[in-house]
Amino acid sequence: MCGAPEQTIDLPPGTDVTNQAVIQGKILSGGLPVAGAFARLLDGTGEFTAEVVSSADGDYRFYAGPGQWTVRVLSRVGNGQSEVTTEYGVYSVDVIL
Amino acid sequence: MSRQDVLVSTSWANENLNTPGVVFVEVDEDTAAYDTGHIAGAVKLSWKDDLRDQVKYDFVDKEGFEKLLSAKGIGNDDTVVLYGGNNNWFAAYAYWYFKLYGHRDVKLIDGGRKKWELDGLALTTDATERPATEYVAQERDLSIRAFRDDVVNAIGNKNLVDVRSPDEFAGRLSAPAHLPQEAAQRKGHVPGAINVPWSKAANEDGTFKSDDDLSKLYSEAGFDADKETIAYCRIGERSSHTWFVLSELLGNKNVKNYDGSWLEYGSLVGVPIELGDPK
């Protein structure tokens, strides 16, 4: 789930993926998307970088740079996390709770 | 000031939803969040539309604040309990703002909207209606607000606490990683500033860390409790969170929030700027 850069996902118009790492994905529990979960992006040292709330479809997205990242998720149905190492491009990282 | 005077738990809040004289106020970064569900009886304040002057780059003036609070049904003697999304960033900003205009009794819900939701407490989309009041604000208390000249004059002799992320401090980014890069002319930080990101003061559920942990955090970063302090970030809301910690939780004297923050400082002609990671 933390795989090769993907270029086909709908990004906001004008998003330049040649100079950043877009980390995005779904938050899932029992195979179903979790809306309203709190997704935190932690850097390679475990430090907080940013936090967003997942959409109605369980989606989240961060704009970051090359590095090692952890997507840490808190929600009513449980917590979970996934790791990803990025360069530039779009990275799909789902988090299973 | 101490923790019990300025912070309430989500359970206290839930038990006091109908207590006369207690008004819940939601202030979010995402100004549409309230409309998707809010604490029953809470009124909404939009930091963009309600708290900022719509012409000049400043707060609403005293008359504007009086008009706003009167229309929202908030009285001078009410206990205002603030909460919001994104770890209370804008709720803390509103807390500082209410103090600036002299409101006596203001509190934050520890952990804000996130903790409320994680605790599984109820939200409603029912409209809140409160009878109008005749709110009277005090003159702005400038002892808690820093202006650009205060910041320049503080270099080398006061605590300057830059609460942005390490990448913003070092000059690699101009805004937090989840926001559009609304930018000042230059990146970097005020020379001599220490970097204590706001997030280090909070647990992952958004609640504040213990007083002991907080004291240790700032002293280890080089904070000198005997000096006056100015906190800043990019637009003054994350630094309100830290102002709240330093002034209201830890009881430090002479702590100011620089709400002009990097958006102003980084666009000033001729002021000194430092780049790179903390020394």
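Scroll up for the structure.
Residues numbered from 1 in each chain as written. Chains lettered and ligands numbered in written order. Predicted model: local features only at pLDDT ≥ 70, side-chain atom pairs only at ≥ 80, totals over all residues.

S.K.: Tell me about the interface of chain A and chain B, residues and numbers included.
M.R.: Contacts between the two partners involve 14 residues from chain A, matched on the other side by 13 residues from chain B. Counting only elements with at least two residues in the side of chain A that touches chain B, the list comes to strand 3 (38-42), strand 4 (48-53) and strand 5 (59-64) of chain A. In terms of residues, the side of chain A that touches chain B owes the most to one element, strand 4 of chain A, which gives five residues. Tallied by class, residues from the side of chain A that touches chain B come to nine nonpolar, two polar and three charged. (Contact = placed C-beta atoms within 7 Å. Helix = DSSP H or I, 4+ residues; strand = E, 2+ residues; numbered from the N terminus. Nonpolar A, V, L, I, M, F, W, Y, C, P; charged D, E, K, R; others polar.)

S.K.: Please give an account of the nonpolar core that cites residues and values.
M.R.: By size, the foremost hydrophobic cluster in this structure holds 65 residues, and its most contacted members are V25(B), V81(B), L82(B), A91(B), A94(B), Y95(B) and A231(B). Broken down by element, the residue count for this core peaks at eleven residues, all from helix 4 (residues 85-100) of chain B. In this structure, A91(B) is in contact with V27(B), L82(B), Y83(B), G84(B), L108(B) and G112(B), ignoring residues within four places of it in sequence. Ranked by size, the runner-up nonpolar core spans 24 residues in total, among them V22(A), L42(A), A50(A) and Y91(A). (Core = buried A, V, L, I, M, F, W, Y, C linked by C-beta atoms within 7 Å. Buried ≥ 20, exposed ≤ 12 C-beta atoms within 10 Å, placed from the backbone.)

S.K.: Tell me what's going on with the environment of K216(B), and back it up with residues and numbers.
M.R.: Residues and elements named next belong to chain B. Mapped onto the fold, K216 is located in helix 8 (residues 211-220). K216 gets classed as exposed once you count the C-beta atoms within 10 Å, which come to 12. With 21 residues separating them along the chain, K216 and E237 place their C-alpha atoms 23 Å apart.

S.K.: Run through the sheet that holds strand 6 (residues 159-162) of chain B, naming residues and quoting values.
M.R.: Residue and element names in this part refer to chain B. What the four strands build is an open sheet, ordered 7-6-8-9; its pairing is parallel. The sheet terminates laterally at strand 7 (194-195) and strand 9 (255-257), the two strands that pair on one side only. Relative to strand 9, strand 8 (residues 229-232) runs parallel, the two being bridged by three bridges. Across the sheet, the residue bridging to I230 is K256, located in strand 9. (Pairing = 2+ DSSP bridges.)

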